[in-house]
Every structure is written in C-alpha cells, then in structure tokens.
Amino acid sequence: MKVFIFGSLFAFFVHQVLGGDAVAIGYKYDGVWTAVTYNRSSTPKGGPHYHDAVQACTFAVRDLHVRANDYLVRAEIIGKSDRTGYVAVARGKAIAKNKDVTAVGRGNSQAEADQKALALLNANGVTENEQIVYRYFSYGADSGARQTTSRRARHAQRAHVSKVASHM
C-alpha cells in the first residue's frame, strides 16, 4: 500500500513540474528531410506559454505538418527535454555517409549549446556545411520553483515592511 501511495504522489508531482521543448524533423517519401522545427516553453511554469516536453512534441509535429504538408511522409522527434536551458540545432553534410545530419546541443549558455551541437555533428562524421539553424532558450521543470520562491519572498518582505510601517 505504501508503494502505491508513494508511486501515485511521485507521478502526480512529476506531472505537475515538467516543462520543456522538442525538436522535430520531417521526411519526404524518399527519406530526404523536408523541414526541421522546434517548440519550446517561452514562459516559466504558470505562464501562458509553458508546457511539458510531451506537449512540445505534439506542437512541433503539428508545425511540421503546416510547414511541409505536401511532402511530409514521416515525422521524428530528434530531441526533447524537460530542463531549463539554451538549445542549438545544427545541420551538416556527412560526405562519407552521403547524408545530412541534424544534432541538438543543450547547455547553460548559448555558446555551450552551440559547441555541443557542433561537436555532435563532428562525432557523426559531418565534414561540410556545418551550421547552427536554430538557437533558443526554453524554460523547464526547474523554472517554476525559483520564480515562485522569489515571488513569495517579495510578497513576504512587502507585508513585513508595511506591518512595521503601520506600527510607527
């Protein structure tokens, strides 16, 4: 019984705190990519544009259908996260494999995310046309805790100051 209660509470808590982003790529019938897009949480938890990684995946795939509707045969999520941070999406050509490669890098700064994405391209044999195609910041599961805490702290401080001022 304890395991069931703990598991239920854990699942409820995890469902409440997730926020994130997703990167999707669409392919034509011959396997060639036709579009790359992303969806992110642009506001911290509680904001109007905050959603979890599962919702971000849904929105990214929906966007692919709009961008490449005539040619889209298959959509694939190539990256998703529920963490706050910077993201870089990079593309390049692996001549030896004769294919295009897309990589997603994440970091605590945009420069770190860029470096990780380019390193992933190099690790996959990319030798030509390396470029960052998207850069963005996404709020994740840890964004709401700090925002809520600071709001509560400011409210408590204002209440204390007004209470002290009224007793003078």
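Above: the structure in question.
One structure accompanies this document, and this report is about it. (Residues numbered from 1 in each chain as written. Predicted model: local features only at pLDDT ≥ 70, side-chain atom pairs only at ≥ 80, totals over all residues. Heavy atoms only, no water.)

### Things to note about the sheet that holds strand β6 (residues 128–138)
In space, the three strands of this open sheet follow the order β5-β4-β6, with antiparallel pairing throughout. One side of each edge strand has no neighbouring strand; the edge strands of this open sheet are β5 (99–107) and β6. Taken over all neighbouring pairs, the strand axes of this sheet differ in orientation by 20° on average, direction set aside. Along the sheet face, helix α3 (residues 110–123) touches β4 (85–94), β5 and β6 and points at about 150° away from the line of β5. (Pairing = 2+ DSSP bridges. Helix = DSSP H or I, 4+ residues; strand = E, 2+ residues; numbered from the N terminus. Axes fitted to C-alpha atoms, helices over the stretch in contact; angles between N-to-C directions. Contact = heavy atoms within 4.5 Å.)

### Brief notes about helix α2 (residues 53–67)
Since there are 3.6 residues in each turn of an α-helix, residues three or four apart along the chain are aligned in direction. For α2, spanning 15 residues, the distance from its first C-alpha to its last is 21 Å, which sits close to the expected 21 Å at 1.5 Å a residue. Buried within α2 are the following residues: Ala 53, Ala 56, Cys 57, Ala 60 and Leu 64. Here the buried residues of α2 occupy an arc of 105° about the axis, which is enough to place them on one side. Looking at α2, the residues exposed on the side facing more than 90 degrees away from the buried face are Val 54 and Val 66. Each element contacted by the buried residues of α2 is listed here: β1 (21–27), β2 (33–39) and β3 (74–81). For α2, the N-terminal capping position is held by Asp 52, with its side-chain oxygen 3.1 Å away from the main-chain nitrogen of Val 54. (Expected span 1.5 Å × (residues − 1). Buried < 20%, exposed > 50% of the residue type's maximum accessible area, 1.4 Å probe, protein only. Arc of directions from axis to C-beta. Polar contact = N/O pair within 3.5 Å; in protein donor to acceptor, adjacent residues only side chain to side chain.)

### Section: the pairing of β4
The buried fraction of β4 is high, at eight of 10 residues. Where β4 and β6 come together, eight bridges link them in antiparallel fashion. From the neighbouring strand, Ala 88 faces β6, where its bridge partner is Arg 135. Relative to β5, β4 runs antiparallel, the two sharing nine bridges. Paired with Ala 88 across the strands is Gly 105, a residue of β5. Counting the residues in the hairpin turn of β4 and β5 gives four residues, including Asn 98, whose phi is positive at 55°.

### Brief notes about the environment of Val 23
Tracing the chain through its elements places Val 23 in strand β1. Between the C-alpha atom of Val 23 and that of Phe 59, which follows or precedes it by 36 residues, the distance is 9.9 Å. Every residue in contact with Val 23, bar those within four places of it in the chain, is listed here: Val 36, Thr 37, Tyr 38, Glu 76, Ile 77, Ile 78, Gly 79, Val 89, Val 104 and Tyr 136.

### A word on the side chain of Asn 39
Within the secondary structure, Asn 39 is located in strand β2. The class for Asn 39 is buried, based on a relative accessible area of 17%. A distance of 2.5 Å separates the side chain of Asn 39 from the side chain of His 51, its partner in a polar contact. When near neighbours in sequence (up to four residues on either side) are disregarded, Asn 39 contacts Gly 20, Asp 21, Ala 22, His 51, Ala 56, Phe 59 and Ala 60.

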